[in-house]
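Survey of secondary and tertiary structure
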Amino acid sequence: MVRLTRVQQQARTRAAVLAAAREEFAEHGFQPAKVDRIAERAELTRGAVYSNFPSKRALYLAVLIDLIEKVSAGEPRATVSPTSRVDALGVFARVWLERLPLVGDSAPGGRLQLRSLDGVFDDERGPAVLAQLARLETLLLAVALERGAPARRVRLAELVLTMLDGAGHRAETSPGFGDPFDVAHACRHLAEIDLEDAWAPPHLPYVAPARTCADAWTAPEGLVDQISGEQVDLANGLVVVLGASRLGAAEEAVRSAKPGEQVTLAVVTGDREETGRLVRLRVADAVGCLRRVFAPETWQHVRLVLDDDALVASAIGLTDAGDDTESAVSVRDGVIVARAHGRGAGYAAGARRREATS
């Protein structure tokens, strides 16, 4: 018998824990699930489970991430984007609604398929981060809907996601109620509503200007864009580091950039095991749906990096990046030409870059 290396053994143990946890959560749901039963299913000790995952919540999130990644791996990506917002929203809604459990599925199993977070984050921090993630998800959908059109579509994207989230909640609390085809049809027609969407955050005029500089820049390598799946080139463009509690500022950075300029959003967190996994879960879920509807070039100027190891944060000089971080640099030909920190940092650095090149 071939003896496994330490890394191989750790990978096998982790896989066994995830498989056992998925069975436990599918059978009982999050709250009633027991770590002791998960250990028993995996034929491991309780300590072995906790050596891989520090909490039941972290384990639950890891199960959901694993579920999404396995499903996404076998799904084709779009090669051509829909030709109209009406068609785009109809297709997007159908893709999103595929997660709804079928009639006859067990309630706990259905909630797992729905990626339910009901009762998982019952502290003050969790809902706040979820609200910021919702704003990031909305922005990604809006950027796709805005392609080829001058108008802002954030309110439209927000309305669509609100309707879809409501359908998911209804499916969780009242399985079998309602027709998902009606929901998809309604999402199509939301595209025809004039929401008079304007963007003028009142705090932007008071954001401190970015500081001009000419600092050496050593771009981190091997970072992957969560949207395209390709490696990110940080030699040029706007690089914005946002903590999990500041993700709503992503739109400020995207709107501040010149047409065609690359904006890289690097997400950091002070709690990799739980908040970090929550971010990864929601990003993977949203991007998985978007990739099946819109061609990759839809977001050709927006990159999204999960900076779990704070490589981007460290590269721009941050030593204590966490959930409340908001910092940005403008990079030109491998040199940092502007820096900004604090609220509105992405906007400030982008504005400084526009002034310098205008």
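Overview of the structure. (Residues numbered from 1 in each chain as written. Predicted model: local features only at pLDDT ≥ 70, side-chain atom pairs only at ≥ 80, totals over all residues. Heavy atoms only, no water.)

On to the side chain of Ser256, then. Tracing the chain through its elements places Ser256 in helix α10 (residues 250-256). Within polar-contact distance, the side chain of Ser256 engages the backbone oxygen of Gly346 at 3.4 Å. (Helix = DSSP H or I, 4+ residues; strand = E, 2+ residues; numbered from the N terminus. Polar contact = N/O pair within 3.5 Å; in protein donor to acceptor, adjacent residues only side chain to side chain.)

What follows concerns the sheet that holds strand β3 (residues 263-268). One open sheet accounts for six strands, arranged β1-β6-β5-β2-β3-β4; its pairing is mixed. One side of each edge strand has no neighbouring strand; the edge strands of this open sheet are β1 (211-216) and β4 (302-306). Taking the axes of each pair of neighbouring strands and ignoring which way they run, one obtains an average angle of 25° across the sheet. Two elements, strand β2 (residues 237-243) and β3, share six bridges in a ladder whose sense is parallel. Pairing of Leu238 across the sheet is with Val263, part of β3. (Pairing = 2+ DSSP bridges. Axes fitted to C-alpha atoms, helices over the stretch in contact; angles between N-to-C directions.)

A separate point is the environment of Arg57. Looking at the element boundaries, Arg57 is found in helix α4 (residues 56-73). We classify Arg57 as buried; its relative accessible area is 16%. Along the sequence, Arg57 and Ala340 sit 283 residues apart, while their C-alpha atoms lie 35 Å from each other. Other than its neighbours up to four places away in sequence, Arg57 contacts Phe30, Val120, Phe121, Asp122, Asp123 and Glu274. (Buried < 20%, exposed > 50% of the residue type's maximum accessible area, 1.4 Å probe, protein only. Contact = heavy atoms within 4.5 Å.)

What follows is about the layout of surface pockets. Size it by volume and the largest pocket reaches roughly 1,000 Å³. In terms of lining, the largest pocket is formed by 42 residues, of which the most central are Leu130, Ala134, Glu137, Asp165 and Arg282. Breaking the lining of the largest pocket down by element, the ones donating at least two residues are α5 (85-97), α7 (125-146), α8 (154-173), α10 and α11 (272-291). A total of nine residues in the lining of the largest pocket trace back to one element, the largest contributor, which is α7. Residue classes in the lining of the largest pocket are distributed as 19 nonpolar, eight polar and 15 charged. By volume, the second largest pocket amounts to about 480 Å³. Along its surface, the second largest pocket is lined by 21 residues, and Val143, Glu146, Val254, Arg255 and His301 are the ones closest to its centre. (1 Å grid on protein atoms, 1.4 Å probe; cavity = no way out; pocket = protein on both sides within 12 Å on 5 of 7 lines; lining within 4 Å. Points joined across faces, edges and corners; volume = space filled by probe spheres on them. Nonpolar A, V, L, I, M, F, W, Y, C, P; charged D, E, K, R; others polar.)

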